[in-house]
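The lines below spell out each chain.
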Amino acid sequence: MDVFIAEQSWLLTAIIFSPLAGVMLLWLPPYGDARGVRRSAMLYSLVTLGLTIYALYAFQQSAPQVSAGSPGFQLEQRASWLSLPGDDFKPAIDISYHVGIDGISIWLLVLTAMLMPLCIWGSFSAIRNREREYYSLLLLLQVGMLGVFCSMDLLLFYVFFEFTLIPLYFLIGIWGGPDRRRAANKFFIFTLSGSVLTLAGILYLAYYAYTDLGYITLNIQKLTELGQTGFISPGVQWWLFLAFAAGFAIKVPLFPVHTWLPLAHTEAPTAGSVILAGVLLKLGTYGFCRLSLPIFPAASRELAPVIATLAIIGIIYAALAAWVQRDVKKLVAYSSVSHLGFCMLGLFSMKVAGVNGAVIYMINHGLSTGALFLVIGFMYERYHTRSIDDIGGLAKKMPWMAFFLVFFTLSSIGLPGLNGFVGEFLVLLGTAISAGTSDMRPAGPLGFGYVIPAALGIILGAVYMLWMCQHVLFGPLKEPPNTPDTSTGLTTDLNKREISILVPLALACVCIGVYPKPLLNSFQVAIEQHILPLGTVYATDIEPSRGRYEIPIHREPARTQHVKHARIINNLPDVDSSAKIVVDTQRPTDAPYSFPMSQDTVITSAFDLVKTPGADHIE
Amino acid sequence: MNDTSIIMKLLPEFILLLGACGVLLIGVTRASLRSSITSLVTFLVLAAALGASLQAGSPEDGTYAHLGLWLTSLTYYARVLTLVIGMLLVLANWHQPASTERGEYMGLILLSLLGLLLTASANDMLILFFAIELVSIPTYVLIAMSRLDKRATEACVKYFFLGALAAAILAYGLSFLYGAAGTTLLHHADANGVSATLPAGSAMSSEALIGLLLVLGGLSFKIAAVPFHVYVADVYEGAAAPMTGLLGFVPKFAGFIALIKILAAFQWDLPSQVMWLLWILAAASMTVGNVLALLQKNVKRMLAYSSIAHTGYMLVALLVGPIAGRGPLHDGIAALLFYIAIYGAMNLGVFAVLTSFRIGEREMETLDDLGGLSRRAPIASLALAICVLSLMGLPPTAGFLGKLFVFTSAFSLSTTHAFHGPLIALAIVGVLNAAVAAAYYLRIVAAAYMGEEKEPAIASGGFPARLAFCCCSFPMLLLFAWPIGLSNQAQSATSDIVATAQHSNAQLAAVDSNIALADDAALSRILDEPSSTNPTSAKRDRNE
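From a predicted model like this one, the values you see are computed outputs, not experimental measurements.

S.K.: Sorry if this is basic, but what is going on with the overall build of chain B here?
M.R.: Across its full length, chain B carries 25 helices and five strands. Out of the 544 residues belonging to chain B, those deemed buried represent 61%. The long-range share in chain B, meaning contacts at least 24 apart out of those at least 6 apart in sequence, stands at 79%.

And the structure:
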């Protein structure tokens, strides 16, 4: 069975492009009526979901071997795109279509695949014009999002990352609210301005890696290795980190570049809001997590206080801004800004617990905020208003709606037992222990000082969300005239279709809240291997300065957290025998070591270095 | 070297020349005949020339010093590209001018394309000058003929006077170069062309420097670079839409080929004043073009300013030149050739869409005219969107790869080169400009997909124009997924030019030493992927 699964390299490609195949089928004759279009779009998104669940199964089947030290990306597939073999005159290029998943991306993949059918189903009654285009764009958007999470090549990542702009631009601009064109333009220009700088950063990184490796590569694993082994100088890391952050921070969105988000959320159609909050914002945090942290560790450490401060300003500011909103949708949009601040805080604690919390926060936020947007969308279809001033006391009239609104509000504000709590707790824990070295990693950049304002943000979050629930659901009944509008066949309370859309999301919230272990374990393996690699040997000072050394680290299974031995392979043919390698094991108890470089120096353990003949301990 | 072999080698050019004469003759036949077959004959002439070019292949050693020609791999690339885009141009122009003038119109298009082919073969400064004028002079007439409108006449007059001035500047500059070098040949195998006789770099004599600056000035007009751009918007607006598609590609391509040839003659070893001049031209063209385009409401004027910005992007690649190393990610010239091929198609695609509709009796040209197009003509607006997104440089279109190659080449100049820093700055100016450009390109897409229909667009231009925009737009997606074919062609097109430029260049040494230092093990590892490093196969082994 394992062999069978290992060979399924086509699976990710099939998942990424299955919505595209769906789009093509939607446009093939015979053109069905609108109902047929809706149903087929739903069917195609379910096919993608099925394939993704199969990928999850395949991933879990082979997961145990991953923790034993293999590279840890699975279901890899690789095909030449811009790759060229080199010759005497030109260097080789390794820029390929390269997909694979690890413990983080598989769950984001599942989240994306799960939200899409629900969004499509939720649009059945809300979207009544140009339906074929609408569902095609939703499916195209899904291609971009799935692609980002699977990419193992930086340029491919960027391509999918940018591609998501196009369908969402049309979704907001055509089917949005009254101010849709301005919202769509603002969304597009804001995000593009940041990501062109990311592109410049990517290209410079390719050039920089080329000067070191001698061939051009944008393989994320290779770049991670370069970043982790200290081959990217701190000054370059600093600039590249900023270039990458320009694109990702706008997407997250981090204060003060969040201003596009409330507008885009408010004007977008319900499905657009759900996808925007549920998945697209995660592209930013995922970018920080997958690229910035591992490739630029020194710069991340150095700039973490700045990012964390911005995140905390965002948490508090967006919470206060949400509190004064009269538009329910805008309120939830601001709550997204606030929540994503927590995510950033967890990531930049640079501790396994914090990053783990941040990743599960991404999933949770996708589920609960996505669901909140759906509920608000269902309400809007009936009342044609989102203003808190116009509606009130709906709980009596719409008990189901009230139940789900309260449920997802509680999930969103982190009630213990529901999913939000797990993420919040881990993020705050990670931030608090960031300065310590209890997880065998170097001391992180944050500390307890960041926890207090963040915790204040949680309280504010509870205040404005519950305030919103209170005004909408309880108190005297208040309805605009001629509503609820049941002319399109809707019932007063949620109908069966709408309830069926919300139930899976609610179940997922409960499951993660009660038993988050499978997710956390899966994330932990990936984080320890790819995001914050453990026991990395930093070759801090290598003479001669040109050339390159392979320093693969063999570890015992992830739990035990000890450097077993490092193997220094010298691949310079004409190396000076007096040259020395300085190795910093980054273990808190070890000081850096230096030893003469010869062919195949084998260090059996960090401690043994002292005993290696000729190795001298430098203080 | 006998004469027949030269005729065979220059067969595409001869076919175009004879074809142009033939089409001109059709122009004086019966009206019914000429209105029906002129465009078709023109198309077939171009197809025949394309067939001949492909048949001839890339010339091995084509120096014809006594004719002032040098047939290189660049010639081959330029021939194929010109003829393919030329065929698309004819499709877009199929029904364009009044049938009474169609023979002359199509004949002049062929002559202009012939000038472009000769530019790509020229090795003598005189031939180069004549070829460039052969590109330009027909376009003056074509603009006036393209539609019966006072604006067309105005555009023609403006373009003619400024063009004549630019030609004079160019000729003056070339005469200085001749004076400095003592020969009009740019490159000669026996080492007595400009490339061998003129000292380059800081040793360049002041005559040669003046000559080079004047040539750059004259050619900046052809490629529409700032500050020689003032005519562009009026001329684009005045000419008919399909003619504008030609103006955006043919003179620009000719100008860039001439620039490549002149700079290659100096072995890309330019004094720093010239480098900075090109730097400023590139930065100013990108910025001025994009900012002015933001202010436009007329799609043709908008694209006129965008063409200035695209000239700026291509100037970045020209400035890098071949000295950063080879491969499409290093070689600026390969990047430029890739870019201009993409640009020619996507730019023409937009104009072909404009050609395919009219609003009442007038041409579709403002943003308001595009309103509601997506409901009336879904395929045309999809093609328009693809072309515009490609101009914007967004994936998944080939325009993205064009920008990618250009900016990567700017990054890959060795750190020891004096222009390493300035070029990185220029690339950042470039990517920021790409974001600015998105703002106005989006308006075109938004108008077509989200705008309200004011006056209905009526299909005109017929099947050929529709075919033209389909051929210009949808291949942009395919080229994105499989760019290697075109990028390899662009790469091999530079080999002869680069070979002359690289010998004396100290930069190359640095690049070579980098490659020599490369980790051989790592190099071989990525080349025999996926067999060795694929974890799934390793896993499989363990299980067995």
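Back to the text.
S.K.: How do you make sense of the overall build of chain A when you look at a structure like this?
M.R.: Assigned secondary structure in chain A consists of 21 helices and 12 strands. Of all 619 residues assigned to chain A, the portion counted as buried reaches 60%. Pairs at least 24 residues apart make up 77% of the contacts formed inside chain A by residues separated by at least 6 positions.

S.K.: In this structure, what is going on with the environment of valine 337 of chain A? I would like to understand it.
M.R.: Residues and elements named next belong to chain A. Assignment of secondary structure puts valine 337 in helix α14 (residues 328–347). Expressed as a C-alpha distance, the spacing of valine 337 and tryptophan 400, which sit 63 residues apart in the sequence, is 28 Å. Here valine 337 is in contact with Pro253, His258, Leu261, Gly314 and Ala318, once residues within four sequence places are set aside.

S.K.: What should I look at first to understand the nonpolar core in this one?
M.R.: Nonpolar side chains in soluble globular proteins generally cluster together in the buried interior. Judged by nonpolar contacts, the single largest core of 419 residues is most densely connected at Leu138 and Val375 of chain A together with Val316, Tyr339 and Val388 of chain B. Excluding residues that lie within four positions of it along the chain, valine 375 of chain A makes contacts with Met401, Phe404, Leu405, Phe408 and Leu502 of chain A.

S.K.: Would you mind showing me how to read the packing of helix α5 (residues 102–121) of chain B against helix α6 (residues 125–146) of chain B here?
M.R.: In helix packing, the relevant descriptors are the interaxial angle and the interaxial distance, both defined with respect to the helix axes. Residue and element names in this part refer to chain B. Where α5 meets α6, the closest approach of the two axes is 8 Å, and the angle between their N-to-C directions is 155 degrees. Judged by the angle between their axes, α5 and α6 are roughly antiparallel. In terms of crossing hand, the pair formed by α5 and α6 is left-handed. Of α6, the residues touching α5 (which contributes Glu104, Tyr105, Leu108, Ile109, Leu111, Ser112, Leu114, Gly115, Leu116, Leu118 and Thr119) are Ile127, Leu128, Ala131, Ile132, Leu134, Val135, Pro138, Thr139, Val141, Leu142 and Met145. Among the residues forming the contact of α5 with α6, the class breakdown is 17 nonpolar, four polar and one charged.

S.K.: Explain helix α3 (residues 31–56) of chain B to me, please; I cannot follow it from the model alone.
M.R.: Since the α-helix advances by 3.6 residues per turn, residues separated by three or four positions end up pointing in the same direction. Residues and elements named next belong to chain B. The terminal C-alpha atoms of α3, which comprises 26 residues, lie 37 Å apart, in line with the 38 Å expected from a rise of 1.5 Å per residue. Maximal helix bending in α3 amounts to about 45 degrees, located at isoleucine 37. Within the sequence span of α3, burial applies to Arg34, Thr38, Ser39, Thr42, Val45, Leu46, Ala49 and Ser53. The inward-facing, buried residues of α3 abut α2 (11–26), α4 (73–92) and α5. Following α3 by one or two positions, glycine 57 adopts a phi angle in the positive range, close to 70 degrees.

S.K.: How should I be thinking about the sheet that holds strand β3 (residues 357–359) of chain B in this particular structure?
M.R.: What holds strands together in a sheet is hydrogen bonding between their backbones, with the strands either parallel or antiparallel. Residue and element names in this part refer to chain B. What the three strands build is an open sheet, ordered β4-β3-β5; its pairing is antiparallel. Looking at which strands have only one partner, the edges of the open sheet turn out to be β4 (362–363) and β5 (457–459). Alignment of β3 against β5, held across three bridges, turns out to be antiparallel. Bridge assignment links isoleucine 359 to a residue of β5, and that residue is alanine 457.

S.K.: Sorry, what's going on with unusual backbone geometry here?
M.R.: Both trends apply: most residues other than glycine have a negative phi, and most peptide bonds are in trans. Across the junction of phenylalanine 255 of chain A and proline 256 of chain A, the peptide omega takes the value 0 degrees, indicating a cis bond. When you line up the elements, proline 256 of chain A lands in the loop between α10 (234–251) and α11 (260–267). A cis geometry characterises the amide bond from valine 226 of chain B onward to proline 227 of chain B, with omega recorded as 5 degrees. Despite not being glycine, methionine 350 of chain A shows a phi value in the positive range, around 55 degrees. The residue methionine 350 of chain A is located in the loop between α14 and α15 (352–383) in this model.

S.K.: Can you walk me through the confidence of the model for chain A in this structure?
M.R.: Residues and elements named next belong to chain A. Here chain A averages 80 in pLDDT, and 81% of its residues register 70 or above. When pLDDT is averaged over each element of chain A, helix α6 (residues 154–163) comes out on top at 93 and strand β7 (residues 553–555) at the bottom at 35. Under a pLDDT of 50 for its full length, residues 535–580 has, in the predicted model, 100 contacts with residues more than four places off or in other chains.

S.K.: Looking at this model, I keep getting lost on helix α12 (residues 270–295) of chain A. Mind explaining?
M.R.: Residue and element names in this part refer to chain A. A rise of 1.5 Å per residue sets the reference length of α12, with its 26 residues, at 38 Å; its end C-alpha atoms lie 36 Å apart and thus fit the reference within 8%. Along α12, the sharpest kink reaches roughly 40 degrees, centred on leucine 276. In terms of burial, α12 is a largely internal element, 26 of the 26 residues being buried.

S.K.: When you look at the environment of isoleucine 53 of chain A in this model, what are you seeing that I'm missing?
M.R.: Turning to its location among the elements, isoleucine 53 of chain A is positioned in helix α3 (residues 34–67). A sequence separation of 54 residues divides isoleucine 53 of chain A from tryptophan 107 of chain A, and the C-alpha atoms of the two residues are 9.9 Å apart.

S.K.: Which parts of the structure should I look at to understand the pairing of strand β3 (residues 96–101) of chain A?
M.R.: Successive side chains on a regular strand alternate, one facing one side of the sheet and the next facing the other. All names here are of chain A. Most of β3 sits inside the fold, with six of its six residues counted as buried. Where strand β1 (residues 74–80) and β3 come together, five bridges link them in antiparallel fashion. Bridging from a neighbouring strand, glutamine 74 pairs with isoleucine 101 of β3.

Cut-offs used in this document
Residues numbered from 1 in each chain as written. Chains lettered and ligands numbered in written order. Predicted model: local features only at pLDDT ≥ 70, side-chain atom pairs only at ≥ 80, totals over all residues. Helix = DSSP H or I, 4+ residues; strand = E, 2+ residues; numbered from the N terminus. Buried ≥ 20, exposed ≤ 12 C-beta atoms within 10 Å, placed from the backbone. Contact = placed C-beta atoms within 7 Å. Core = buried A, V, L, I, M, F, W, Y, C linked by C-beta atoms within 7 Å. Axes fitted to C-alpha atoms, helices over the stretch in contact; angles between N-to-C directions. Parallel < 35°, antiparallel > 145°, perpendicular 65-115°, else oblique. Left-handed = near helix turned anticlockwise from the far one by under 90°. Nonpolar A, V, L, I, M, F, W, Y, C, P; charged D, E, K, R; others polar. Expected span 1.5 Å × (residues − 1). Bend = angle between axes of the 7 residues up to and from the residue. Pairing = 2+ DSSP bridges. pLDDT = per-residue confidence, 0-100.

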